[in-house]
Amino acid sequence: MTLAAVPEYDQRRVEQTGDRAVVVGGSMAGLLAGRVLADAYDNVVVLDRDPLPDDRVARRGVPQSTHAHAMLEAGRHTLESLFPGYSESVLESGGVVIDMGSTFRHHDHGGLITDTDTELPMYCASRPLFEQLVRERVRSHEGIELRGDCHVTGYLTDDAENVDGVSYTADGDDHELTADLVVDATGRTSRTPEWLDTHGYESPPVEEVSVDLAYTTATVERPPEDDRVITVSPAAPDPRGGTAVPAEDGRWVVTLFGLHGDHAPTDIEGFEAYADSLADPGIAQLLANHEYASGEIQKYPFPASLRRRYEQLDEFPDGLVVTGDAIASFNPIYGQGMSVAALDAMQLHETLASGERRALGTEFFEGAATGIDTAWQMATGADFEFPETEGPKPTGTDLLNRYTGAVMDAAHSDPVVAEQFYHVMRMEEPPTTLLRPQVAARVAANALSGRLPDVGLPSPTDG
């Protein structure tokens, strides 16, 4: 699923049919699920084991939050639909908006992507700010309650055919909270598979694609007038990359990353040497010309992309849904996480609008799988450019990577190809749009011009 395939949000399509829904997990996926559930349930309670403060903080349950994040257009548009004025609030809080078509220095597959003829806005801020603004909107919504410092210990059930709520501990005491629906948004550490197995269900099949990635991040002082984004994407055989993203408080979040164990050091000298080794000098120059905002350099490991195939289960209990990273988490260098969470929320909205309640989870999983398929193919397909990547390879990956390489080569000089690539990258449109005749013809012409060896593309006059 991409933004082009998602109907516009319309709360009038959802009937109020339940008393209470409980969301376990107060990160982006859980907050957005809570917002759409408020259209169908009188009371929505979001529980999280961390505090859920009013201010902007990097929460323990989101260990990647201090590193660079991208708000792709699919995510921003969805957030704006759910919370009108959200985009402006990002700017009012110190975030910036840049034009990807002109101020985004993006090095990929051996060269810089050329400027586009069309403006492509991209909103930039820290992950804690993006999340704080969502948390504010959710907390202020009538009928939604956020409860932090609550550790959910299990699901309530009489016969395992229905989940009837959750048990949790708070302030040293045990509690139970009944609900018509429970949504698991606890991320990669979700214990729903174990619960299913314990209660006589099959646990979902799991796909894991190992990348042995690590993020290493510093914050750097940024002049107010300088809002550049710089990205260097890893491309085989070079596993190194990095990005510098403008954020609030007059700084850049500079994240260096490496696949398959080639990780950036956490001391300043080693960090700068790693930046200097990248295929493009932009990040190294930025570090050389600006002061560090903090001497602390933080590291975040990401061993593997993980997908739980709930849509393949024959049986699933009523009253339970799983969403966000608890279904699928992707190599973060592609910036898909927040946007996939937003599209999951829109799929939950569509499922609620269908009027189905008893098999809500099953219907949601089937719809969400379509969107996850697209993001999974994009992320793992790119990872399989590297022979060290291990795991189940999606069908057609090698052919797709071959064509993508030709697309990227054309995008170094062709603004039409560059723009369409960005629409795909921003999850506005599916990768199949890169096969449209007007794009494929330009890719083929570029390949046949002698810049590339024969890549098996159609001639510009075909199709």
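Predicted model only: the values in this text are computed from it and were never measured. (Residues numbered from 1 in each chain as written. Predicted model: local features only at pLDDT ≥ 70, side-chain atom pairs only at ≥ 80, totals over all residues. Heavy atoms only, no water.)

A. The arrangement of the nonpolar core in detail. Counting residues in each nonpolar core, the largest one holds 85 residues, and the members touching the most others are Leu32, Leu37, Tyr41, Val44, Tyr86, Val134 and Val166. Sort the elements by how many residues they give to this core and helix α9 (residues 337-353) lands first, with 9 residues. In contact with Leu37, other than residues within four places in its own chain, are Ala21, Val23, Val44, Leu181, Val183, Leu348 and Leu352. Of all hydrophobic cores here, the second largest spans 28 residues; its members include Phe104, Cys124, Tyr403 and Met408. (Core = buried A, V, L, I, M, F, W, Y, C linked by side-chain atoms within 4.5 Å. Buried < 20%, exposed > 50% of the residue type's maximum accessible area, 1.4 Å probe, protein only. Helix = DSSP H or I, 4+ residues; strand = E, 2+ residues; numbered from the N terminus. Contact = heavy atoms within 4.5 Å.)

B. Local environment of the packing of α9 against helix α10 (residues 360-383). Look at α9 against α10: their axes get within 9 Å of each other, and the N-to-C directions meet at 145°. Considering the relative orientation of α9 and α10, their crossing is right-handed. Contact residues: Val340, Asp344, Gln347, Leu348, Thr351 and Leu352 in α9; Leu360, Glu363, Phe364, Gly367, Ala368, Ile372 and Ala375 in α10. Of the residues assigned to the contact of α9 with α10, the class counts are 8 nonpolar, 3 polar and 2 charged. (Axes fitted to C-alpha atoms, helices over the stretch in contact; angles between N-to-C directions. Left-handed = near helix turned anticlockwise from the far one by under 90°. Nonpolar A, V, L, I, M, F, W, Y, C, P; charged D, E, K, R; others polar.)

C. Quick look at empty space enclosed by the protein. Here the structure, examined in full by the defined rule, presents 5 cavities of 30 Å³ or more. When its volume is computed, the largest cavity comes out at roughly 40 Å³. For the largest cavity, the full set of lining residues is Leu3, Val6, Pro7, Glu8, Tyr9, His77, Thr78, Ser81 and Met346. Per-element accounting of the lining of the largest cavity gives the leading share, 3 residues, to helix α2 (residues 73-82). Residues of the lining of the largest cavity, tallied by class, amount to 5 nonpolar, 3 polar and 1 charged. (1 Å grid on protein atoms, 1.4 Å probe; cavity = no way out; pocket = protein on both sides within 12 Å on 5 of 7 lines; lining within 4 Å. Points joined across faces, edges and corners; volume = space filled by probe spheres on them.)

D. The packing of aromatic side chains, seen in detail. The tally for this structure, following the rule as stated, stands at 11 aromatic pairs. Between Tyr310 and Phe365 the ring centres are 5.0 Å apart and the planes differ by 20°, which places this aromatic pair in the stacked class. Residue Tyr310 is located in the loop between β16 (298-308) and β17 (320-322), and its partner Phe365 is located in helix α10; the two are separated by 55 residues in the primary sequence. Judged by relative accessible area, which is 2%, Tyr310 ranks as buried. By way of ring pairs, the aromatic residues Tyr310, Phe316, Phe364 and Phe365 are connected into one cluster. (Phe/Tyr/Trp six-rings, centres within 6.5 Å; stacked < 30°, edge-to-face > 60°.)

E. Region of the structure containing helix α7 (residues 268-276). Every buried residue belonging to α7 is among Gly270, Phe271, Tyr274 and Ala275, and all of these are buried. Each buried residue of α7 sits inside an arc of 140° when the element is viewed along its axis, so together they form one side. Opposite the packed face of α7, turned more than 90 degrees from it, sit the exposed residues Glu269 and Asp276. Residues of α7 that are buried in the fold lie against β12 (206-221), β14 (240-247), β15 (251-258) and α8 (282-289). (Arc of directions from axis to C-beta.)

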